[in-house]
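Structure at a glance
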Amino acid sequence: GEINDIVDHYLYDSRLLQSENILSRKDRGGNGKVRLENIKFYDNDGNEIDHVICGKPCTISVIVRNFSWGKEDQIDQFTIAINDEYGNRALVMSNTFVGKDITIDFNSEHTIVNFTLDRFPINAGDYGMAFYMSDRFGNVIDWIDNITMIHVLAGDFYNSGSIIRHGLGNFLTDFVVNNA
């Protein structure tokens, strides 16, 4: 009911406030040559948004700050993960999964890496996010969990006119069903 909605909204807002200054957080691993500074979400028109809609396009922009990245350094893994309310991974996206090299501009203070989804595949709810980056030698550059919350609104993922209600699973995918 209404009280649960108010409590959920308060908890969501308080978690966002806790994760506002990602760069200064101490609960992270890695050598610190490059550090995650911020994550932003954009809709299909390039507008920054504070939530995503299940089934709609979105871009997750990962902004990292260069502290001591050199010309010879190379990224191996550049990964973001979305975790459910119990901390279980609901979705992991990494440059290594799609065979895409990511470069950090050693002459620039910031580098932005975009993860673009044609249809956001996570069902309605509030989810945490994690970030991991390693170099070509397997050294952890930066790793941090619970970096921000992503608020997902219900949407018509299958363009069928119906919305999958919360609690019927977190991850949605295309499929075909018919009589055999």
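Details of the structure are given in the entry above.
Residues numbered from 1 in each chain as written. Predicted model: local features only at pLDDT ≥ 70, side-chain atom pairs only at ≥ 80, totals over all residues. Heavy atoms only, no water.

1. Some remarks on the overall build of the protein
Under the convention used in this document: Put simply, DSSP marks the helices as runs of H or I at least four residues long and the strands as runs of E at least two long, and each gets a number from the N terminus on. Relative accessibility decides the category of a residue: with a 1.4 Å probe and only protein chains considered, values under 20% of the type maximum give buried, values over 50% give exposed, and everything between is partly exposed. Note on contacts: a residue pair qualifies if any of its non-hydrogen atoms lie within 4.5 Å across the two residues. Computed with a 1.4 Å probe, the accessible areas rest on the Shrake-Rupley method; for each residue, only the protein chains presented here act as cover.
The helix and strand tally for the protein stands at one helix and eleven strands. In sequence order, the protein lays out its α and β elements as α-β-β-β-β-β-β-β-β-β-β-β. Considering the protein as a whole, with its 180 residues, one finds that 38% of them fall into the buried category. Excluding contacts between residues fewer than 6 apart, the proportion of contacts in the protein whose partners are at least 24 apart in sequence is 68%. As presented, the protein carries roughly 10,600 Å² of accessible surface, and 49% of it is formed by carbon and sulfur atoms.

2. Remarks on the pattern of salt bridges
Note the following rule: Here, a salt bridge means any side-chain nitrogen of Lys or Arg that lies within 4 Å of a carboxyl oxygen of Asp or Glu.
In total, this model carries seven salt bridges according to the counting rule given. Asp142 serves as the salt-bridge partner of Arg28, at 2.7 Å between the closest nitrogen and oxygen. Taken together, the residues Arg28 in strand S1 (residues 28-29) and Asp142 in strand S10 (residues 140-144) connect sequence positions 114 residues apart. Here Arg119 ties to Asp174 by a salt bridge, and the two come within 2.2 Å at their closest N and O atoms. Remark: Asp174 occurs in the segment after strand S11 (149-153) and Arg119 occurs in the loop between strand S8 (110-117) and strand S9 (125-135); sequence separation between them is 55 residues. The class of Arg119 is partly exposed, set by a relative accessible area of 24%.

3. Comments concerning the pairing of S8
Heads up, the condition is: Note: two strands are recorded as paired if DSSP finds a minimum of 2 bridges between them.
Only one face of S8 is covered, namely the one carrying Thr111, Val113, Phe115 and Leu117; the face carrying His110, Ile112, Asn114 and Thr116 has none of its residues buried. When strand S5 (residues 58-66) meets S8, the two strands line up antiparallel, connected through eight bridges. Residue Ile63 lies in a different strand from S8, and its bridge partner there is Ile112.

4. Topic: the sheet that holds strand S2 (residues 34-42)
Ordered in space as S3-S2-S5-S8, the four strands form an open sheet in which the pairing is antiparallel. Of all strands in the sheet, those bounded by a partner on one side alone are strand S3 (48-49) and S8. As paired strands, S2 and S5 are joined by eight bridges and run antiparallel to one another. Bridging across to S5, Ile39 finds its partner in Val62.

5. Quick notes on the environment of Thr111
Relative to the elements of secondary structure, Thr111 occurs in strand S8. In this structure, the C-alpha to C-alpha distance between Thr111 and Val64, residues 47 residues apart in sequence, is 5.5 Å. Here Thr111 is in contact with Val62, Ile63, Val64, Thr103, Ile104 and Asp105, once residues within four sequence places are set aside.

6. Regarding a nonpolar patch on the surface
Rules: Without a salt bridge and with relative accessible area above 30%, a residue can belong to a patch; like charges are then joined within 9 Å and nonpolar side chains (Val, Leu, Ile, Met, Phe, Trp, Tyr) within 5 Å.
Together, Val92, Phe97 and Val98 line one region of the surface with nonpolar side chains, adding up to about 310 Å² of accessible area. Take Val92: it is sitting in strand S7 (residues 89-94).

7. A look at the packing of aromatic side chains
The geometry of an aromatic ring pair is captured by two quantities: the separation of the ring centres and the angle between the planes. Rules: Between 30 and 60 degrees the pair is tilted, below 30 it is stacked and above 60 it is edge-to-face, where a pair is any two Phe, Tyr or Trp rings, Trp via its six-membered ring, whose centres lie within 6.5 Å.
Per the counting criterion, the structure on display carries four aromatic pairs. Ring geometry for Phe78 against Phe115: centres 6.3 Å apart, planes inclined by 25°, an arrangement best described as stacked. One end of the pair, Phe78, is in strand S6 (residues 75-83); the other, Phe115, is in strand S8, with 37 residues separating them in the sequence. A relative accessible area of 11% places Phe115 in the buried class. Their ring planes at 80° and their centres at 5.2 Å tell us that Phe78 and Phe131 sit as a pair that is edge-to-face.

8. Some remarks on the nonpolar core
Spelled out, the test is: The set of buried Ala, Val, Leu, Ile, Met, Phe, Trp, Tyr and Cys residues whose side-chain atoms join them within 4.5 Å is what this entry labels a nonpolar core.
Counting 37 residues, the largest nonpolar core has Ile60, Phe78, Phe120 and Phe131 as the members making the most contacts within it. At the level of elements, S2, S5, S6, S7, S8, S9, S10 and S11 are the ones that each hand at least two residues to this core. Setting aside residues up to four positions removed in sequence, Phe120 forms contacts with Val52, Ile53, Cys54, Gly55, Lys56, Cys58, Ile60, Ile82, Ile150, Val152 and Phe157.

9. Digging into the side chain of Asp84
We apply this condition: Under the convention used here, Asp and Glu are negative, Lys and Arg are positive, and both His and the chain ends fall outside the count. For the purposes of these results, a polar contact is taken to be a pair of N or O atoms within 3.5 Å, where, inside protein, one atom must be able to donate a hydrogen and its partner to accept one; residues adjacent in sequence count only when each atom of the pair is a side-chain atom.
Assignment of secondary structure puts Asp84 in the loop between S6 and S7. Arg89 is the oppositely charged side chain nearest to the buried, salt-bridge-free Asp84, at an N-O distance of 8.7 Å. Polar side-chain contacts of Asp84 include one of 2.8 Å to the backbone nitrogen of Tyr86. Not counting residues within four places of it along the chain, the set of residues in contact with Asp84 comprises Ala90, Tyr127 and Asn170.

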